[in-house]
Structure formats: structure tokens, C-alpha cells
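Chain by chain, the residues:
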Amino acid sequence: MLSKDSKIYIAGHNGLVGSAIWNNLKSRGYENLVGRSHKELDLTDQYAVKKFFDEEQPDAVVLAAAFVGG
């Protein structure tokens, strides 16, 4: 179990699943949540992702990001 002050990065926090996870964690008392929009962090850019992880150093990562569309 993660402590309530653990830094948790939720990739896709603006989407349907990601926002549900975000809200669930918030309701359980987790306050140190990190989210980035696609404009802020392109997950297909490995250098940007490495820089983000080097700077933020999250304790846990939830991957709820996806491409949606037809």
C-alpha cells in the first residue's frame, strides 16, 4: 500500500478511466497526484518522458492514457 503522501503520476488523467482513478485516489486521501496533458507531455517522445521522470520522480505510475477515435 502506498502512503498518502506518495507521489503518483496518472498518465491519461483527463480521460474517462484516468479521471475516475484520479477522483478515486483523491477521495481516499491521496493529495500528491501528478498529471500532464498531451500538450504538456507527449508520451511518444522518449526524451520528454525521461526528462519528466527525472524531474518528478514519482513513487508510482498509473497508465490510463490511450488514443481514442475511429
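Note that the structure is a prediction, hence the values are computed from the model and not measured. (Residues numbered from 1 in each chain as written. Predicted model: local features only at pLDDT ≥ 70, side-chain atom pairs only at ≥ 80, totals over all residues. Heavy atoms only, no water.)

Draft legend 1. Seen up close, the overall build of the protein. Within the protein, the regular secondary structure consists of two helices and three strands. Taken from the N to the C terminus, the helices and strands of the protein come in the order β-α-β-α-β. Its C-alpha atoms give the protein a radius of gyration of 12 Å, within 12% of the compact-globule value 11 Å for 70 residues. Taking all 70 residues of the protein together, 30% fall into the buried category. Across the protein, the fraction of contacts at a sequence separation of at least 24, relative to all contacts at a separation of at least 6, is 60%. Split by element, the accessible area of the protein, about 5,100 Å² in all, is 53% carbon and sulfur. Computed over 8 positive and 9 negative side-chain charges, the inter-centroid distance for the protein is 4 Å. (Helix = DSSP H or I, 4+ residues; strand = E, 2+ residues; numbered from the N terminus. Rg over C-alpha atoms; globule rule 2.2 N^0.38 Å. Buried < 20%, exposed > 50% of the residue type's maximum accessible area, 1.4 Å probe, protein only. Contact = heavy atoms within 4.5 Å. Areas by Shrake-Rupley, 256 points an atom, 1.4 Å probe, with all protein chains shown as cover. Lys, Arg positive; Asp, Glu negative; His and termini not counted. Charge placed at Lys NZ, Arg CZ, Asp CG, Glu CD.)

Draft legend 2. Spatial organisation of the sheet that holds strand β3 (residues 60-63). One open sheet accounts for three strands, arranged β2-β1-β3; its pairing is parallel. In this open sheet, the two strands that pair with only one neighbour each are β2 (33-34) and β3. For strand β1 (residues 8-11) and β3, the ladder comprises four bridges, and the chain directions are parallel. In the strand pairing of β3, Ile10 is matched with Val62. Docked against the sheet, helix α1 (residues 16-27) engages β1, β2 and β3, running at close to 155° with respect to β1. (Pairing = 2+ DSSP bridges. Axes fitted to C-alpha atoms, helices over the stretch in contact; angles between N-to-C directions.)

Draft legend 3. How the structure looks around helix α2 (residues 46-56). Of all the positions in α2, only Val49, Phe52 and Glu56 are classed as buried. Seen end-on, α2 carries its buried residues on one side only, within an arc spanning 60°. For α2, exposure combined with an orientation more than 90 degrees from the buried face picks out Gln46, Tyr47, Lys50, Lys51 and Glu55. Contacts from the buried residues of α2 go to β1 and β2. A positive backbone phi angle near 45° is found at Gln57, which sits one or two residues after α2. (Arc of directions from axis to C-beta.)

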